[in-house]
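Results of the structural survey
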Amino acid sequence: MYFVPMFVLSLLVPAVGTAIGTSFLSLPSTARELALGANPVIAVTSTANPALIRMGGNGIKLDFSYGQWLVGTKETTIGVTGRVFGGELGLRIRYAGIDDLELRSATPTDEPLAYFGAYGVAVGGTYARRLSVTTRLGVAVRIVNIQMYTASSNGIAVDLGGVQRIGKKLSVGLSLLNLGTMSPLANESPRLPVRVLGGMAYSYDYGGISNVVTASSEWLSTREALIFRLGNEIYWKKVIIQMSSQFSEQVAIVSGGFGFRVGIYQFHYGVQFGSRNLGTPQMIDVSVRLP
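Report follows, based on the coordinates. Here the structure is a predicted model, which means the values were calculated and not measured.

A separate point is the overall build of the protein. For the protein, the count of helices and strands is two helices and 14 strands. Burial analysis of the protein (291 residues in total) assigns 47% to the buried set. Counting only contacts in the protein whose residues sit at least 6 apart along the sequence, the fraction spanning at least 24 positions is 50%. Here the protein displays about 14,100 Å² of accessible surface, and carbon together with sulfur accounts for 63% of that area.

Most of the time, phi is negative for any residue but glycine, and the peptide bond is trans. For Asn-178, which is not a glycine, the phi torsion comes out positive at approximately 65°. Here Asn-178 is to be found in strand β7 (residues 170-182). What makes Asn-178 buried here is its relative accessible area of 2%. Phi is positive for Lys-237, which is not a glycine, with a value near 55°.

The next point concerns the pairing of strand β8 (residues 195-206). Inspection of the sheet shows β7 paired to β8 by eight bridges, in the antiparallel sense. Directly across from Ser-175, in β8, lies its bridge partner Leu-197. With 12 bridges joining them, β8 and strand β9 (residues 209-220) adopt antiparallel strand pairing. Within the sheet, the bridge partner assigned to Tyr-206 lies in β9 and is Ile-209. Counting the residues in the hairpin turn of β8 and β9 gives two residues, including Gly-207, whose phi is positive at 65°.

Once that is clear, we can look at empty space enclosed by the protein. The tally for this structure, following the rule as stated, stands at three cavities of 30 Å³ or more. Approximately 180 Å³ is the volume attributed to the largest cavity. Lining the largest cavity are 17 residues, with Thr-47, Arg-92, Arg-94, Arg-142 and Asp-159 positioned closest to its centre. Mapped onto the lining of the largest cavity, the elements with two or more residues apiece are β3 (87-103), β4 (114-130), β5 (135-148) and β7. Looking at which element gives the most residues to the lining of the largest cavity, the answer is β4, with five residues. Of the residues assigned to the lining of the largest cavity, the class counts are five nonpolar, seven polar and five charged.

As for its placement among the helices and strands, Ser-171 is situated in strand β7. Given a relative accessible area of 16%, Ser-171 falls into the buried group. Non-local contacts of Ser-171, meaning those with residues more than four positions away in its chain, are made with Val-41, Gln-164, Arg-165, Ile-166, Gly-199, Met-200 and Ala-201.

Attention now goes to the nonpolar core. Grouped together as the largest cluster of nonpolar side chains are 21 residues, with contacts concentrated most on Phe-24, Leu-25, Val-144 and Ile-146. Secondary structure elements with two or more residues in this core: α2 (31-36), β3, β4 and β5. At three residues, β5 tops the list of elements feeding residues into this core. Excluding anything up to four places from it in sequence, Leu-25 contacts Arg-94, Ala-122, Arg-142, Val-144, Asn-178, Leu-192, Pro-193 and Arg-195.

All right, on to the side chain of Ser-255 then. Structurally, Ser-255 can be placed in strand β12 (residues 252-262). The exposure class assigned to Ser-255 is buried, which follows from its relative accessible area of 8%. Here Gln-272 takes part through its side chain, which lies 3.4 Å from a polar atom of the side chain of Ser-255. If we skip the residues at most four places from it in the chain, Ser-255 touches Leu-34, Ala-35, Gln-242, Met-243, Ser-244, Val-271 and Gln-272.

Should the charged atoms of two oppositely charged side chains come close, the side chains can pair. Counting across every chain of the model gives seven salt bridges. The salt bridge partner of Glu-88 is Arg-83, with a shortest N-O separation of 2.5 Å. Looking at Arg-83, the relative accessible area reads 41%, which means it is partly exposed. Glu-88 serves as the salt-bridge partner of Arg-136, at 3.0 Å between the closest nitrogen and oxygen. Of the two residues, Arg-136 sits in strand β5 while Glu-88 sits in strand β3, which places them 48 residues apart along the sequence. Glu-88 shares its class with Arg-136; the two are buried. Via salt bridges that share partners, Arg-83, Glu-88 and Arg-136 belong to a single interconnected network.

Right, let's get into a nonpolar patch on the surface. On the surface, a nonpolar cluster with roughly 1,000 Å² of combined accessible area is contributed by Val-139, Val-141, Ile-156, Leu-160, Leu-174, Leu-176, Val-196, Trp-219, Leu-226, Phe-228, Leu-230 and Phe-247. Those elements that provide at least two residues to the nonpolar patch are β5, β6 (151-166), β7 and β10 (225-236). Per element, the largest residue contribution to the nonpolar patch is three residues, and it comes from β10. Its location among the elements puts Phe-228 in strand β10. Accessibility expressed as a relative area gives 44% for Phe-228, which makes it partly exposed.

Calculation rules
Residues numbered from 1 in each chain as written. Predicted model: local features only at pLDDT ≥ 70, side-chain atom pairs only at ≥ 80, totals over all residues. Heavy atoms only, no water. Helix = DSSP H or I, 4+ residues; strand = E, 2+ residues; numbered from the N terminus. Buried < 20%, exposed > 50% of the residue type's maximum accessible area, 1.4 Å probe, protein only. Contact = heavy atoms within 4.5 Å. Areas by Shrake-Rupley, 256 points an atom, 1.4 Å probe, with all protein chains shown as cover. Pairing = 2+ DSSP bridges. 1 Å grid on protein atoms, 1.4 Å probe; cavity = no way out; pocket = protein on both sides within 12 Å on 5 of 7 lines; lining within 4 Å. Points joined across faces, edges and corners; volume = space filled by probe spheres on them. Nonpolar A, V, L, I, M, F, W, Y, C, P; charged D, E, K, R; others polar. Core = buried A, V, L, I, M, F, W, Y, C linked by side-chain atoms within 4.5 Å. Polar contact = N/O pair within 3.5 Å; in protein donor to acceptor, adjacent residues only side chain to side chain. Salt bridge = Lys/Arg side-chain N within 4 Å of Asp/Glu carboxyl O. Patch = residues over 30% accessible without salt bridge, like charges linked within 9 Å, V, L, I, M, F, W, Y side chains within 5 Å.

Keep in mind that these numbers describe shape and distance, not what the molecule does.
Written out as structure tokens, the structure reads:
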């Protein structure tokens, strides 16, 4: 059972409600994103920039991610990606929820009035294509639903983004996420967590090791604060290792993860440690590439 204090709920809910809210759209959706941090340049996940959705070949790619965020919040993402219309098209279902929340009155009691769950679901598609050898643009459209106790809200969110390669080693990117609107939840419409991300990635090789150094910043409307991230992704044979740090006025976070490829399968694990003392977020990814 979870009794969620109000200061914790303020991290998870933007304006109304007492549980998940629309802020689940700003949480890491994969283990690689949790480990490296949201960056609009490196193709860790298209949730940071719709232009990052890539196949790297023909066929179909299936993705599954599962993990735990703060205060027992569970996350699941299922996606499929393929090449169509001269670009890449991805369909994705994302869920974040928490069970056994306690409904209590203002008067202290031994037992809660009731137990309930809260969740958020986003279903939509992402399309990206290369405009030139050095430029990629992408767009994503999602239907969003959140439910808390007996109240629910529906809406639509749109993402826009682009990536520009400069020379052989440097890339820069910019994305604008979660533009849209939600229907009223109780007496007020929830705010979507609008995100503006800018970043860069510098890649170089050292012997048989490929190294990518990343830096990014993010403005999040629900917090009205800047978030800065530094990261490093290392490729050695079929092994990937990530390390990153994140800073803002409220918290400092360190993340890491690793992954490996076996035939058509790829596995990844990510974990995050922070100064919030609200739990240890962890996620695992499984990807399958079909011919």
